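What follows is each chain in one-letter form.
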Amino acid sequence: AQTVTQSQPEMSVQEAETVTLSCTYDTSESDYYLFWYKQPPSRQMILVIRQEAYKQQNATENRFSVNFQKAAKSFSLKISDSQLGDAAMYFCAYRSGSGGSNYKLTFGKGTLLTVNP
Amino acid sequence: ETGVTQTPRHLVMGMTNKKSLKCEQHLGHNAMYWYKQSAKKPLELMFVYSLEERVENNSVPSRFSPECPNSSHLFLHLHTLQPEDSALYLCASSSSGYQETQYFGPGTRLLVL
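These numbers come from a predicted model, not from an experiment.

Caption draft 1: Fine view of the interface of chain A and chain B. In this complex, chain A contributes 21 residues to the contact, which on the side of chain B involves 25 residues. Counting across the interface, chain A meets chain B through 4 residue pairs in polar contact (both at pLDDT 80 or more). At the level of elements, β5 (32–39), β6 (46–52), β10 (88–96) and β11 (105–107) of chain A are the ones that each hand at least two residues to the side of chain A that touches chain B. By residue number, the principal contributor to the side of chain A that touches chain B is β5 of chain A, which donates 4 residues. Per-class residue counts for the side of chain A that touches chain B are 9 nonpolar, 7 polar and 5 charged.

Dropping the structure here:
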């Protein structure tokens, strides 16, 4: 079974600075998808960024980028120029790319990010 | 309304009550999901419906009963719940297909007394 580990329960960053959130996963599959979701205090889970395992290029969405290391099974999220609105719980998630369980998202426990003014 | 909506946003119920959670998606998706989010635990997938057929029942107790009358609506019927069932219940939807991203609703915060 796949597992997702987020080793940092909490992180903090100064406004306008850069922060990196860590995520590692365990899988024997070669085809899969990785996601970062953000859950602010309003509780709405919002997709931040997504990475296909078959793509070598790291995904980027504005101030958010990932460092995807497939061999190391690592998928970290970098937030540049942090803003107060980035404060939230961040979840890393894994989804199989094949087989009967390819609709299932496996989540990590989350990292609570605080942004200090 | 756009995206995925859930009602009610908050619910308090006794262990002998019967209540239902509702989820509606306005994204044209054909797969819908129920997740449970408890404190200090990863999100747990409960049920998946694809094209209105249940394709996953992740060992969920029978006191939780899902219903998907059409591709836009998903219900979670609750009866004789336990205090440990108190949690945030999240609904999500996606297009079918393994490459599709799931989009979440705001959740229903449930407290069982």
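Caption draft 2: The pairing of strand β8 (residues 64–69) of chain A, seen in detail. Residue and element names in this part refer to chain A. Bridge analysis of strand β7 (residues 60–61) against β8 gives 2 bridges, and the strand direction is antiparallel. Each bridged residue has a counterpart across the sheet, and for T60 the counterpart in β8 is S65. In this antiparallel pair of consecutive strands, β7 and β8, the connection spans 2 residues, and N62 shows a positive phi of 55°. Alignment of β8 against strand β9 (residues 74–79), held across 6 bridges, turns out to be antiparallel. Residue S65 lies in a different strand from β9, and its bridge partner there is K78.

What counts and what doesn't
Residues numbered from 1 in each chain as written. Chains lettered and ligands numbered in written order. Predicted model: local features only at pLDDT ≥ 70, side-chain atom pairs only at ≥ 80, totals over all residues. Heavy atoms only, no water. Contact = heavy atoms within 4.5 Å. Polar contact = N/O pair within 3.5 Å; in protein donor to acceptor, adjacent residues only side chain to side chain. Helix = DSSP H or I, 4+ residues; strand = E, 2+ residues; numbered from the N terminus. Nonpolar A, V, L, I, M, F, W, Y, C, P; charged D, E, K, R; others polar. Pairing = 2+ DSSP bridges.

None of the figures reported here should be taken as evidence of function without further support.
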